[in-house]
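# Coordinate inspection notes
The primary structure of each chain is shown beneath.
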Amino acid sequence: MPTLNLLVVFCLLYVVLLFAVAFGADRAARRGRGRWLRSPVVYTLSLSIYCTAWTFYGAVGFAARSGLEYLTIYIGPTLVMIGWWWALRKMVRLGRSQRITSVADLISSRFGKSNLLAIIVTLLAVIGTTPYIALQLQSVTLSFATFAELDPTTATQPSRQSTALLVALGLALFTILFGTRNLDANERHHGVVMAIALEAIVKLFALLAVGVFVVWGLTDGIADTMARIDASNIAAWQVSGSRWIGLSLLSAAAFLCLPRMFQVMVVENEDESHLRTAAWAFPAYLMLMSLFVVPIAAVGLDLLPADANPDLFVLSLPLTQGQEGLAILSFLGGFSSATSMVIVAAIALSTMVSNHIVMPIWLWATGGSAVVSGDLRSVALLTRRLSIAGVVLLGYLYYRLSGGGAALAAIGLVSFAGVAQFLPALLGGLFWRGATRNGAVTGLALGFVVWLYSMFLPSFGPTVFLPQHVLDSGLFGMAWLRPQALFGADGMDPVVHAVMWSMLFNTGAFVVVSLITFPKPIERLQGAQFVNVFEHSNTGGSWRAGKGETEDLLIMAQRIMGAPQAQKLFSDAARRQGIAGYLPDPTPDFLRELERELSGSVGAATAHAMISQIVGGTSVSVEDLMAVADETAQIMEYSSRLEAKSAEQARTARQLREANEKLTQLSLQKDAFLSQVSHELRTPMTSIRSFSEILRDTEGLGADEQSKYSSIIHDEAVRLTRLLDDLLDLSVLESGRVNLNIQHGTLAGMLDRAVDATGGEAGGFRIQRNRAAENIALTTDPERLAQVFINLISNARKYCDAETPVLTISAAERDGQLVVDFSDNGSGIPADQHAMIFEKFSRVRQTRVAGAGLGLAICREIMARLGGSITYLPGQRGAAFRVILPLGEQMAAQ
Amino acid sequence: MSRDPGPVFLARRTYRRRRLTDAARMLPLLGVVLFCIPLLWRSPEAEPARTTTVMLYVFGVWAGLVALSAVISARLPGHDDPAVRKDRSDAGDG
């Protein structure tokens, strides 16, 4: 006999493995390495959370009680899956294009982003799922207890409650750790999906292993097994037609509506084409899961004592036959089935609860404003975590209260029938444009009430909620209100009875109310979007906002999506509109995109409400209404194409205009430059020409005069050469063909050279320096940098008009940049000329000193080549220039 | 208002693909019919069918559906295939 301790060790090891797999997958996905995480196989395996502990243990119990009827639970999903072209394809496409976060979000989004509907669906889902979670906890506890009973070494039985509590705590922890990594529910939970894919393999393998053991280990192969089945109580095919069809329909409906199935099928879907694989692979999985169920049940009935719980045959058969390893494997299979269901269900429900119930209340309680300060994301994450804990705890409480007695399959069917109430609103919303919000609300509410009265409450037994006399003779003694024989439908199977009446009332009310009510414009738009999702995949309803509101929107978006993502979204949109910066025009397109992004985090209804708080309500434009009218769909498509074209043309026109302005400016600059150059060349030329004429034509010039005139000619020629040198230098720098000669040196050395080259402190010109601060090592082109310094020093020398001119050179290192300031005590440069001084041939004022006005322009070009900058520093006493140069190796040596 | 009716005849390839999507739509209906057939095997007078017989039948049908679904799904056109887009507008409730 395996000891209980061994089982606990295996179980813990398995849990550690699951954590490791989830952690590894999350990490791989974050580093962008997880291509295999997104394979269709993983998608198919993740769908297998449909097979919970109810399948693993309950199917055999089901089969032992009523033969082949258990197959209905798997036939329904099989048919839905192979018919994916009908409904699933549309749901997945919608989920992706509308950034749907849950089944409640889908329904609310379809019916005009109604939060009321979202709340109803969420409540129904919580009520419907809680018993199911309790069922999972119960199955783990029961299987654990089975081991404990057969273990002779344990003197005391571990308390069932404490086992269930431990399992619940562990599951809540896992789900919170891996299920709330990111706020955007639309982002995939790679870790969770990978873990449940692994669990899918384990449970299939375990069930197949037990089946193989039963068929070839306990009996002599297939023929013998068949004989045993024929000899057992379930040999005859006695399934009632209504249950066969009714339960198949029910399971098909639940497969589409279960929040956890919606989570893995739609929300976690990576790629629509994965459905192609799942369309056959998932039915195959289901088939394999149910293949050995009847043999196990028949052999169990044959070999085990009559009072053995058939729900645990999968475990007790290997255990009583001394197959300890197989028993442990089987336990892990059941454990996998239970845990994966609870994890995904908790994620799905917590998204719904936090998006549709807690967040709206929180927003309303905090003054109802979406633009108050503070980070909303932490609030949303916290509510989601608390919701997960709450959902799991609720399941545990249900387990405690119900006492864990009822047969597993019965609880499962109650749960299925509860969530199946979504079906009319869901399918009606997807395929019928006439479906309205009021219809959906009425249908859901009515179906919910009927289900509650005829199935959920009676499931607790006759004394808990409904007294025996109500069950026997109806509410208020009215026989037609008997919970399990409504309107005199006596003698029906209770499950089929409840499903039939609740679905009839639900669908009937949904259709009738939809027919007689009139939808709001936004409902009609959403209806058109949903029903015709394959034709046009953008959201309906347009916003109209003023420019001033974009900043509020940015503030709000930052709080929900996080600052970097929000800023990226806004700046991308701005760039598409051809605007620089972070604030795009709040066009309807942009607002729609923003709303869709936000709804990925907080759900459609909340996102809609938040934007409308800032923007002030939707306006349905004429174009939008045209979308509603079916006949004008073509016109709309045409006009939207025109719109897109005209937007593109507007953008092109804007770019062209800008380019044109730039060209005009350049041309003006060129003209000014040419006239400047010719002017600068002409002045020295004129004097050279006139003095050389004097030298040539005047007879009898004295030696003094000759030497004076020729030195004037020489000086002017030198000035010309310098001017041409400067021009050449500038053109080389501007064209970027300059070669930098990068060397190491210190700032002090370069400043020394520059001061020496400009004549030092000769002529009453003082230079103040702080040599200690200048001891900074540089890697740059020392020649060029010194040229800049020389220019600045000689400018100060030339233009400083103070009586005792003083130039202060101060150096400092800031944020990895070298900052050198040159400031003198003169009168400075007038503010209106600051922008001009770095232009070619600009001179602040006509001074006695000659200069072409190219010096600062050259400085600017040099600094740009060196990767730094030179700017005029206003607000000093005199003229001040700031030279900035990046330190370190990353020089922009272009 | 009339929609652009499109060409009267389709290329053979496109025609095949459209029929394939029809097949994909019909497959679950075929499944429903086949899975319901065992219900006819219970007559009040005669001996009821045996569980093993029904089991063999049901799993046989199941395997067949899986195989058919695999063949059809793999050959179905992609989402942006023009042949399907046209087809979708036929299927929309219009």
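Refer to the preceding data block for the structure.
Residues numbered from 1 in each chain as written. Chains lettered and ligands numbered in written order. Predicted model: local features only at pLDDT ≥ 70, side-chain atom pairs only at ≥ 80, totals over all residues. Heavy atoms only, no water.

## Let's talk about the overall build of chain A
What chain A contains, in helices and strands, is 33 helices and nine strands. Out of the 894 residues in chain A, the part that is buried amounts to 54%. Across chain A, every contact between residues at least 6 apart in sequence was considered, and the portion connecting residues at least 24 apart equals 79%. (Helix = DSSP H or I, 4+ residues; strand = E, 2+ residues; numbered from the N terminus. Buried < 20%, exposed > 50% of the residue type's maximum accessible area, 1.4 Å probe, protein only. Contact = heavy atoms within 4.5 Å.)

## A look at the pairing of strand β8 (residues 869–872) of chain A
Residues and elements named next belong to chain A. The alternating pattern of β8 places I870 and Y872 on a buried face, while none of S869 and T871, on the opposite face, is buried. With four bridges connecting them, β8 and strand β9 (residues 880–886) associate as antiparallel partners. Note that in β9 the partner of Y872 across the bridge is F881. (Pairing = 2+ DSSP bridges.)

## What about helix α5 (residues 88–97) of chain A?
With nine of 10 residues buried, α5(A) is to be regarded as a mostly interior element. The first or second residue beyond α5(A) is A:R99, which carries a positive phi of 50°.

## Structural notes on a nonpolar patch on the surface
Residue and element names in this part refer to chain A. A cluster of nonpolar side chains, V511, V512, L515 and I516, forms an exposed patch at the surface whose accessible area comes to about 390 Å². Its place among the elements puts V512 in helix α22 (residues 494–516). Owing to a relative accessible area of 48%, V512 belongs among the partly exposed residues under this scheme. (Patch = residues over 30% accessible without salt bridge, like charges linked within 9 Å, V, L, I, M, F, W, Y side chains within 5 Å. Areas by Shrake-Rupley, 256 points an atom, 1.4 Å probe, with all protein chains shown as cover. Salt bridge = Lys/Arg side-chain N within 4 Å of Asp/Glu carboxyl O.)

## Points about the interface of chain A and chain B
Across the boundary between the two partners, chain A contributes 48 residues, which contact 43 residues of chain B. Looking only at chain A, the three residues that lose the most surface to chain B are A:W85, A:W237 and A:R276, adding up to 20% of its buried area. Across the contact surface, chain A and chain B share one salt bridge. Between A:D230 and B:R50 there is a salt bridge; the shortest N-O distance is 2.7 Å. (Buried area = accessible area lost by both parts, 1.4 Å probe.)

## Some remarks on the packing of helix α10 (residues 221–231) of chain A against helix α14 (residues 293–303) of chain A
Residues and elements named next belong to chain A. Two elements in contact, α10 and α14, have axes whose closest approach is 9 Å; the angle formed by their N-to-C orientations is 65°. The crossing of α10 and α14 is left-handed. Facing T225, R228 and I229 of α10, the residues of α14 in contact are V294, P295, A298, D302 and L303. Class assignment for the residues of the contact of α10 with α14 results in five nonpolar, one polar and two charged. (Axes fitted to C-alpha atoms, helices over the stretch in contact; angles between N-to-C directions. Left-handed = near helix turned anticlockwise from the far one by under 90°. Nonpolar A, V, L, I, M, F, W, Y, C, P; charged D, E, K, R; others polar.)

## Description of the nonpolar core
Counting residues in hydrophobic clusters, the biggest one holds 197 residues, and the most contacted among them are A:Y50, A:Y70, A:F422 and B:W62. Counting the residues that make up this core, at least three belong to each of domain 1 (4–353 + 392–404) and domain 2 (521–628) of chain A. Not counting chain neighbours up to four residues away, the residues in contact with A:F422 comprise A:V103, A:I107, A:V121, A:L124, A:A125, A:C257 and A:L444. In terms of nonpolar packing, the next biggest core, distinct from the first, is built from 46 residues, A:L730, A:V738, A:C859 and A:L885 among them. (Core = buried A, V, L, I, M, F, W, Y, C linked by side-chain atoms within 4.5 Å. Domains from an automatic or database assignment.)

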